[in-house]
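Residue strings, one per chain:
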Amino acid sequence: LDHDHELIQDLLGVFMDEYTRLLAELNQAVEAGQSPRRPAHGIKGMCRDVGATELAAWAASLEHGDGEIQALTQKLNDALPSLQAEISQQLSETRV
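Rules used in this analysis
- In this numbering scheme, every chain counts its residues from 1 along its sequence in written order.
- Note on the predicted model: pLDDT of at least 70 is required for a residue's local features to be given, and 80 or more for side-chain atom pairs to be given and counted; whole-chain, interface and lining totals, by contrast, use all residues.
- Excluded from the side-chain calculation are hydrogens and water; included are all heavy atoms of the structure.
- By the criteria applied, helices consist of DSSP H or I runs no shorter than four residues and strands consist of E runs no shorter than two, each listed in order from the N terminus.
- Burial status follows relative accessibility: with a 1.4 Å probe on protein chains alone, a residue under 20% of its type maximum counts as buried, one over 50% as exposed, and anything between as partly exposed.
- Throughout, a contact is declared for two residues whenever any of their heavy atoms are within 4.5 Å.
- Here, nonpolar core means buried Ala, Val, Leu, Ile, Met, Phe, Trp, Tyr and Cys residues that are tied together by side-chain atoms lying within 4.5 Å of each other.

Participant: For this particular structure, what's the right way to read the environment of methionine 16?
Facilitator: Structurally, the position occupied by methionine 16 is in helix α1 (residues 5-31). Residue classification places methionine 16 among the buried residues on the basis of a relative accessible area of 11%. The sequence separation of methionine 16 and glutamate 31 amounts to 15 residues, and the corresponding C-alpha distance is 22 Å. Ignoring anything within four residues of it in the chain, the contact list for methionine 16 reads Leu80, Leu83, Gln84 and Ile87.

In structure tokens, the structure reads:
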């Protein structure tokens with residue numbers, strides 16, 4: 001991946017799109033009093049894939065019902081702006 005800038009851009013773009021989509025699903029589930037397991041599982045896997053281990057740990061706690069649902073959901077929401085900034089920086093650094 002080191003030299004395939006286009007692939008890196010594509011992967012980071014897909015990650016950001018999917019994280020945002022799954023985060024919206026997670027928020028809807030929590031607001032509706034439903035289980036956050038499915039969207040949390042997706043977030044956990046994606047975050048592990050890109051090395052976002054802290055986010056993956058929060059999502060894993062949600063998936064397994066460990067911890068306070070509202071607090072963990074808020075942490076994942078609060079991480080979005082810095083995640084977007086980091087992805088944008090990575091994308092600009094990989095442009096040819």
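Next comes the rest of the write-up.
Participant: Before we go on, may I ask you to explain the nonpolar core in this structure?
Facilitator: Side chains of a nonpolar character, in soluble globular proteins, are inclined to be buried together. Within the largest apolar cluster, 26 residues are counted, with the highest numbers of intra-cluster contacts made by Tyr19, Ile43, Cys47, Leu55 and Leu76. For this core, the secondary-structure elements that each account for two or more residues are α1, α2 (37-50), α3 (53-64) and α4 (69-94). Among the elements that line this core, the one with the most residues is α1, at 9 residues. Beyond its immediate stretch of four places on either side in the chain, isoleucine 43 contacts Tyr19, Leu22, Leu23, Leu26, Ala59 and Leu76.

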